[in-house]
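# Structure assessment
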Amino acid sequence: MFILLTVAIAPGLALFSYFYLRKEIANEPSRTIFHTFIYGAIMTFPIMFIQHVFKEESVFTSIFLRDVVFTSALEEFFKWLILLLAIYRHVQFEDAYDGILYGASVSLGFAAVENVLYLFTFGLDIAFLRALLPVSSHALFGVVMGYYIGRAKFAADKYKRKLLIMSLLAPFGLHFLYNGIFLTHELFLYLIIPFMIFLWWFGLTRVKYAHSFAVQQFRRKTRMNSE
């Protein structure tokens, strides 16, 4: 049991450690980040319950609508809602890069619990595949969401609404494509490899841009304090 839990959680912790250590400007409030992770972990259960009810009640007759459109929208909306309600106006949301950390944290909380449940059901045989695909993809969806939320937090008022909408639509679009690829069957390998390469590139460039914005904010704040 301990080995299963370790294998399930380790990929998420490794990814988050990279995003956490990538920021060298200031120490982050670990308690708030941990709380965000817990929020993401807890929301796994209502999401899975809603998905189970909709499946049992045959709300969707189309697998595409249920497993691609609905699942992607449901999961990303819950993550977005948590960030918007619990984190967006938090006093410890201090710069654009914090959005990356909080977005990754809430997504990895969800992915960690989901991974634990899958590995307890199907065993260690799928551990590597789970780490390579669902865990890393959820982390990167969270990074993209956090990037736009971080931009919205510190943008001029006229841009905030647009950026907040993008913080939901961008990860939903990526999640939609990811889930859709799983329905392509024989084309799966030909599509998932280039998609994951693109997802990593897109996510890591958001990390780079957010870090650049945060550095600029830090320098402006330092300059103002010294005057």
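Residues numbered from 1 in each chain as written. Predicted model: local features only at pLDDT ≥ 70, side-chain atom pairs only at ≥ 80, totals over all residues. Heavy atoms only, no water.

### Quick word on helix α2 (residues 30-56)
Counting along an α-helix, one turn takes 3.6 residues, and residues three or four places apart therefore face a common direction. With 27 residues, α2 extends 40 Å between its outermost C-alpha atoms, agreeing within 8% with the 39 Å of an ideal straight helix rising 1.5 Å per residue. Immediately downstream of α2, the backbone of Ser-58 shows phi near 50 degrees, a positive value. (Helix = DSSP H or I, 4+ residues; strand = E, 2+ residues; numbered from the N terminus. Expected span 1.5 Å × (residues − 1).)

### Re helix α6 (residues 157-181)
With 25 residues, α6 extends 37 Å between its outermost C-alpha atoms, agreeing within 8% with the 36 Å of an ideal straight helix rising 1.5 Å per residue. Within the span of α6, buried status applies to Lys-160, Leu-163, Leu-164, Ser-167, Ala-170, Pro-171, Leu-174, His-175, Tyr-178, Asn-179 and Ile-181. (Buried < 20%, exposed > 50% of the residue type's maximum accessible area, 1.4 Å probe, protein only.)

### Focus on the packing of helix α3 (residues 63-87) against α6
Their axes nearest at 9 Å, the elements α3 and α6 cross at an angle of 150 degrees. Helix-helix and strand crossings are classified by hand; for α3 and α6 the assignment is right-handed. Two secondary-structure elements touch here, α3 through Phe-64, Asp-67, Val-68, Val-69, Thr-71, Ser-72, Ala-73, Glu-75, Glu-76, Phe-77, Trp-80 and Leu-84 and α6 through Leu-164, Ser-167, Leu-168, Pro-171, Phe-172, His-175, Phe-176, Asn-179 and Gly-180. Partitioning the contact of α3 with α6 into residue classes produces 12 nonpolar, six polar and three charged. (Axes fitted to C-alpha atoms, helices over the stretch in contact; angles between N-to-C directions. Left-handed = near helix turned anticlockwise from the far one by under 90°. Contact = heavy atoms within 4.5 Å. Nonpolar A, V, L, I, M, F, W, Y, C, P; charged D, E, K, R; others polar.)

### Describing the confidence of the model for the protein
The share of residues in the protein with pLDDT of 70 or more is 84%, and the mean pLDDT across the chain is 85. Highest mean pLDDT in the protein belongs to α6 (96); lowest belongs to helix α1 (residues 2-22) (63). (pLDDT = per-residue confidence, 0-100.)

### Structural notes on the nonpolar core
Ranked by internal contacts, the top residues of the largest apolar core, which has 50 residues, are Phe-19, Tyr-97, Ile-149 and Ile-192. Residue assignment for this core shows that the elements contributing at least two residues are α1, α2, α3, α4 (96-122), α5 (127-154), α6 and α7 (188-226). Here this core gets 12 residues from one element, more than from any other, and that element is α5. (Core = buried A, V, L, I, M, F, W, Y, C linked by side-chain atoms within 4.5 Å.)

### A look at the packing of aromatic side chains
Inspection of the entire model under this criterion finds 17 aromatic pairs. For the ring pair Tyr-178 and Phe-182, a centre distance of 5.0 Å and an interplane angle of 65 degrees mean the geometry is edge-to-face. A residue is classified by how much of its surface remains accessible, and Tyr-178, at 6% relative accessible area, is buried. With relative accessibility at 37%, the residue Phe-182 sits in the partly exposed group. Each ring, one from Phe-182 and one from Phe-188, has its centre 4.9 Å from the other, and the planes form 55 degrees; the classification is tilted. Taken together through their ring pairs, the aromatic side chains of Phe-141, Tyr-178, Phe-182, Phe-188 and Phe-195 make up a single cluster. A cation over a ring is seen here: Lys-153 above Tyr-88, with NZ or CZ 5.6 Å from the ring centre. (Phe/Tyr/Trp six-rings, centres within 6.5 Å; stacked < 30°, edge-to-face > 60°. Lys NZ or Arg CZ within 6 Å of the ring centre and 35° of its normal.)

### Focus on the environment of Thr-32
Following the sequence through the fold, Thr-32 ends up in helix α2. Expressed as a C-alpha distance, the spacing of Thr-32 and Phe-93, which sit 61 residues apart in the sequence, is 9.4 Å. Excluding residues that lie within four positions of it along the chain, Thr-32 makes contacts with Ile-87, His-90, Gln-92 and Tyr-102.

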